[in-house]
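Residue-level structural notes
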Amino acid sequence: MDILLVASAFNSLSQRVYAELSDLGHRVDVVLAAHGPDAVRSAVRDRRPELIIAPMLKTALPDDVWQRHTCLVVHPGPLGDRGPSSLDWAVAEQAPDWGVTVLQAEAAMDAGAVWASEPFPVEPVGKSDLYRGEAADAALTAVHRAVRRYAEGSYKPRPQSGPEIRARVVWRDVFRQSRRRIDWAADDTPTVLRKLRGADSQPGVLDEIRDREVFLHGGHPEDRLRGRPGELLATRAGAVCRATRDGAVWIPELRPRKNSGDPAPFRRPAADVLTGPALPEDPAPLELPPDRRTWTDIHYRQHGDVGFVRFSFPGGAMSTGHCRRLLAAYEYALARPTRVLVLGGRRDFFSNGIHLNVIEAAPDPAAESWANLNAMDDLAEAVLRTTDRLVVAALGGNAAAGGAMLALAADEVWCRTGAVLNPHYRRMGLYGSEFWTYSLPRRVGADTAARLTDEAQPVSAATAARTGLVDRLLPVPAQGFTGEVERLAAALAERPDLDRRIAAKAAARRADEAERPLAAYRKDELARMRALFFDPTAPYHALRSDFVRKVPGGAR
């Protein structure tokens, strides 16, 4: 079928719907609702779709569009749920399970006939992680079912006026900041964490720190540091620790209010936004004892012959500091006696490459772009030059740009079936680095590498496996990914042919180095990137600024 996606943003769910429907042979186009109703009308008129799907929509479809065409809206709530803040309520009310409903657009919000619905468990994670994990899995199941039913032509969607759904209809209003507000003197740690996790990506929790209003993004428990409720206690890897009435929490990111006068009113590492006296740094050990319950964004763990370098950065963005600390952890892991080394392995994002927010806020964005890129290259090169053990990149979630190329530096790439890959840089106006001109063609061939980087479209996990980007698909829910990776890595370490494989990869690396050194790939890529970074008229700077500042109607 010809399907048109109408989305407020081409976010993770929209990309996954696009990629998976394309895999099924549907001809899929996208129009951003942020470009305005006339853009939507024009896309409908020009492309004449058989079906319109809105996987992520913050504004209503134009009346003349949904009245003349079948429009299916993906609502992140169970049957009968209505309102714009469904997942926020699920997290706040500690619902054990929730759902996704695909319904037909009509005048009343979320009141249209139901084409499909699918439940999912609500795991104790941040709302954005839940959205990209369990909720997205349920959404794709429901979307596939709805599209199949529409294509068959015999299915009659269930009106919500029917007794089965009518009794379950409930309107949940906008989840406002008044409900998110943290009372540091009264709220216990689980309550504080629930409020922080319910707004981890958007919209954040509005609070006051040192007489300055900021939004708090993300929250993790701390087991040892203590202080007066609301007191700032320490920093760690850019996060700040704040005392609750019965404990403390780590907050990775802060966002200044837009009307605060701060020139960088977007999410950044909390310590970068914080003003006033410096806080003591409380570094977490790379290997945490099993009795610790504290936050760290990089963690090493070893099971027999397998080492795990696990990391998780907000939004998958990796700043210069993130890259340097991750490289240090990787080098630490290389000093341990293992035969298999797993990079990644946590749920949600693997990596999206350089940290555009940190770069945008830097005094010299071009210089920070250059430093960040070189730090990413150092990390990717260390992986490529590892020849004494097998390296596995384990993608529990999405990977894009330099993050995708970092994964390709490994010997094997394992990917959860719900992940989406964007192995390209063009939409940010960049040529690319991280040795992509070496790693990508050797996996998929020169022609496919050129197509992926030129078309710059999201790739489903299934297509990634089919083209050679990914070696193994893991068909597990998000909460089961880490355990499955551990099981498979242990089995890999016990394979009798592992020593032969390690010797073969070392020989292949020597042969490739003799043909063309990695240094040559790096030099050529960085020369092109440097020219873009230090040219103030290059599209990269405007595209980066629009992306970071969430300019409505920016390029997809």
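Before reading on, note that the structure itself is shown above.
Treat the numbers as computed from the prediction; the structure is a model and nothing was measured. For every chain, the first residue of the written sequence is number 1, and numbering continues from 1 onward in sequence order. With pLDDT at 70 or above as the cut-off, local features in this predicted model cover only qualifying residues; side-chain atom pairs require 80 or more to be listed or tallied, and sums for whole chains, interfaces and linings still use all residues. As a rule here, side-chain values come from all non-hydrogen atoms in the structure, and water together with hydrogens is ignored.

**What to know about helix α18 (residues 498–515)**
In DSSP terms, a helix is any run of H or I states spanning at least four residues, a strand is any run of E spanning at least two, and both are numbered starting from the N terminus. Multiplying 1.5 Å by the residue count of a helix minus one yields the expected span of that helix. The terminal C-alpha atoms of α18, which comprises 18 residues, lie 26 Å apart, in line with the 26 Å expected from a rise of 1.5 Å per residue. By the burial criterion, the buried members of α18 are Leu 498, Ile 502, Lys 505, Ala 506 and Arg 509. All buried residues of α18 project into a common sector of 100° when viewed along the axis, lining one side. Turned more than 90 degrees away from the buried face of α18, the exposed residues are Arg 500, Arg 510, Ala 514 and Glu 515. Next to the buried residues of α18 lie β19 (340–347), α12 (365–384), β20 (390–396), α14 (436–444), α17 (481–493) and α19 (518–533). Partly exposed residues are those whose accessible area sits between 20% and 50% of the maximum for their type, while under 20% is buried and over 50% is exposed, using a 1.4 Å probe and protein chains only. Arc definition: it is the arc formed by the directions from the helix axis to the C-beta atoms. Contacts are residue-level and defined by heavy atoms, with any inter-residue pair within 4.5 Å sufficient.

**Some details on the nonpolar core**
Grouped together as the largest cluster of nonpolar side chains are 66 residues, with contacts concentrated most on Leu 395 and Leu 440. Residue contacts for Leu 395: discarding those within four places in its chain leaves Phe 350, Ala 407, Val 413, Trp 414, Cys 415, Arg 416, Leu 421 and Phe 481. Only buried residues count toward a nonpolar core. Its members are Ala, Val, Leu, Ile, Met, Phe, Trp, Tyr and Cys residues joined through side-chain atoms within 4.5 Å. Core analysis: the second largest hydrophobic core is formed by 39 residues, Phe 10, Val 30, Val 122 and Ala 135 among them.

**Digging into empty space enclosed by the protein**
Here a cavity denotes a set of grid points, spaced 1 Å apart and computed over the protein atoms alone, in which a 1.4 Å probe fits but from which it cannot get out, and a pocket denotes an open set meeting protein on both sides within 12 Å along at least five of seven lines; residues with an atom within 4 Å of a point are reported as lining. Grid points are joined across faces, edges and corners, and a volume is the space filled by probe spheres set on the points. Tallying each qualifying case throughout the model produces three cavities of 30 Å³ or more. Quantified by volume, the largest cavity comes out at close to 130 Å³. As for the largest cavity, its lining consists of 19 residues, and the residues nearest its centre are Arg 132, Gly 133, Asn 398, Arg 416 and Gly 418. If you list the elements that add at least two residues to the lining of the largest cavity, you get α1 (12–23) and α5 (127–152). Residues belonging to the lining of the largest cavity are distributed by class as follows: seven nonpolar, six polar and six charged. Quantified by volume, the second largest cavity comes out at close to 90 Å³. Under the convention adopted here, Pro, Cys and the residues Ala, Val, Leu, Ile, Met, Phe, Trp and Tyr are nonpolar, Asp, Glu, Lys and Arg are charged, and Gly plus all remaining residues are polar.

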